[in-house]
Structure formats: C-alpha cells, structure tokens
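Below, each chain spelled out in residue letters.
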Amino acid sequence: MRLSPGRPRHAVVVAPHPDDEIIGAAALIATLARRGTRVSVVIVSDGAASHPGSRRWPRARLIAERYQESRRALRRLGVPAGAVRCLGLPDSAVGAHRVALARALRRLVRSGVDLIVAPAAADAHPDHRAVAAALHRLGGRARRLSYQVWPPQSPLRRGSRLVAMPGGAAAKRSLIRVHRTQLGAIGDDPAGFTIARHELDAFSHPLEAYLEVRR
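The following paragraphs examine the structure supplied in this document. These numbers were taken from a predicted model, which means no experiment stands behind them. (Residues numbered from 1 in each chain as written. Predicted model: local features only at pLDDT ≥ 70, side-chain atom pairs only at ≥ 80, totals over all residues. Heavy atoms only, no water.)

Remarks on the packing of helix H1 (residues 20-34) against helix H2 (residues 59-76)
Two numbers describe a pair of packed helices, the interaxial angle and the distance between the axes. Where H1 meets H2, the axes come as close as 11 Å, and the angle between the chain directions of the two elements is 20 degrees. Taken together, the axes of H1 and H2 are roughly parallel relative to one another. Crossing of H1 against H2: the hand is right-handed. Taken together, the residues of H2 that come into contact with H1 (itself represented by Glu-21, Ile-22 and Ile-29) are Ser-70, Ala-73 and Leu-74. For the contact of H1 with H2, the class distribution of residues is four nonpolar, one polar and one charged. (Axes fitted to C-alpha atoms, helices over the stretch in contact; angles between N-to-C directions. Helix = DSSP H or I, 4+ residues; strand = E, 2+ residues; numbered from the N terminus. Parallel < 35°, antiparallel > 145°, perpendicular 65-115°, else oblique. Left-handed = near helix turned anticlockwise from the far one by under 90°. Contact = heavy atoms within 4.5 Å. Nonpolar A, V, L, I, M, F, W, Y, C, P; charged D, E, K, R; others polar.)

Some words on the side chain of Ser-70
Looking at the secondary structure, you find Ser-70 in helix H2. Residue Ser-70 is classed as buried on the basis of its relative accessible area, which comes to 0%. Setting aside residues no more than four positions away along its own chain, Ser-70 makes contact with Pro-18, Asp-19, Glu-21, Ile-43 and His-179. (Buried < 20%, exposed > 50% of the residue type's maximum accessible area, 1.4 Å probe, protein only.)

Things to note about the environment of Pro-52
With respect to the element layout, Pro-52 can be found in the loop between strand E2 (38-45) and H2. Each C-alpha atom of the pair Pro-52 and Ala-118 lies 26 Å from the other, and the pair is 66 residues apart in sequence.

Focus on empty space enclosed by the protein
Throughout the structure, instances matching the rule amount to one cavity of 30 Å³ or more. For the largest cavity, the lining is made up of 16 residues, of which Ile-23, Gln-148, Gln-153, Ala-202 and Ala-209 are closest to its centre. Within the residue set of the lining of the largest cavity, elements represented by two or more residues are H1, helix H6 (197-203) and strand E7 (207-212). Sort the elements by how many residues they give to the lining of the largest cavity and E7 lands first, with three residues. Its residues assigned to classes, the lining of the largest cavity shows nine nonpolar, four polar and three charged. (1 Å grid on protein atoms, 1.4 Å probe; cavity = no way out; pocket = protein on both sides within 12 Å on 5 of 7 lines; lining within 4 Å. Points joined across faces, edges and corners; volume = space filled by probe spheres on them.)

Some thoughts on the layout of surface pockets
Approximately 220 Å³ is the volume attributed to the largest pocket. His-17, His-125, Trp-150, Gln-182 and Phe-193 are the residues nearest the centre of the largest pocket, which is lined by 13 residues in total. Looking at the lining of the largest pocket, its residues break down into three nonpolar, six polar and four charged. By volume, the second largest pocket is sized at about 170 Å³. For the lining of the second largest pocket, the secondary structure elements donating two or more residues are strand E4 (115-119), helix H4 (126-138) and strand E5 (143-147). Residue composition of the lining of the second largest pocket, grouped by class: nine nonpolar, two polar and one charged.

Right, here's the structure in full:
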C-alpha cells in the first residue's frame, strides 16, 4: 500500500547516524520537498565508530567528513545545509546519553512540526532503538512514521506503507554512494565498517517502507 504523506508544513527526519536519513528516508524527503514541505534533518550521533582504527581518518576528520557526506546528499534532495542539525552524541553509545538526547529532541521537535520520521523501535541497532524510545517518551501530536535500516529487508512486508524513489533504484544508490566513508574509501582499518554489496542492493530498492507509529 502506498503511503499518503499529505502536505505537512514542517517535517523532521531523525537519523541515528549520518547516512540513515538517506538509507531510510531519501524517497520521502524528496517527495515532501517537492510538495513544498519544510524538511529538517536531525543527525543524532557523530558517526565516529565506523573506523576507530584508522590513522588516516582520525576521529575529528571522520566526524567532519561524515557530516559533510550527509549534507551533500541531502542538498541533492532539496534540503539545505542550514536545515541539518548534528547533535554529536557518541556513535554506538546513544543510549547512554538519554537525558541529553531527550533535551535536544524536545527542543528540535517542537510545536509547528506536524510530521516526525524516525527509526523503528524494532531496528537491530541499539542507537536506532534508543532514538525511537526517546521520541516515544516525548509524546506530542505530530504524525509519526518509522523506517527500519537494520537488518536490511524487503520493503514489501505486511503493514508497510510505501514511497517510491524519484529516479528509482539508480537515484537511491547514487545518493548512498555519496557516503563514501562507509563504502570502502577508508582502507587502513581492516576492522572498520563497510556497507556490503548485498546491503547496498537492499538499501537501493526503489521503494521505501514506513509504518505509522501509534501512541
């Protein structure tokens, strides 16, 4: 079933890491931007845990580049850099900073926001679950949609509401490839994270799946 996003005035997309907003919500962001919705993106963590052993990409350089990757990809979807907020919480330890997370989200997801797009409570990554839990505790009247990143799965699952990516799979894959630090550009950390080919294929599906979050 296709998702009917309506015409919200202001939508906030919450991403646990720099790239989740593209993997999970690029099609919806593009659709909303084309409808004239003001789209803001909140990136919760600093993304620094992907390559902790790299000498060429020390923590500060990696954080700066990952944020820039998100801004570059989002600009292609019509979201200006000024609409992207980076909270800078520690990657892979978001759940240990619940107070700071709740305070920041409360400030950013305020009155006037009528759509919140955020990770699913059942996502396999603990940072994603921590963000979902924090937003659930905030309450509010805005419509809520959730997306799942981990594990990668077909969007054609029961109960999902689907949004088609303008330009199809090729356009989605091109946006994900902007995140080059996650696709093999960092070669001096053998234990570092790289999106696998099958994961990239799944993330590049021309349809994105969302669930309505009931409160």
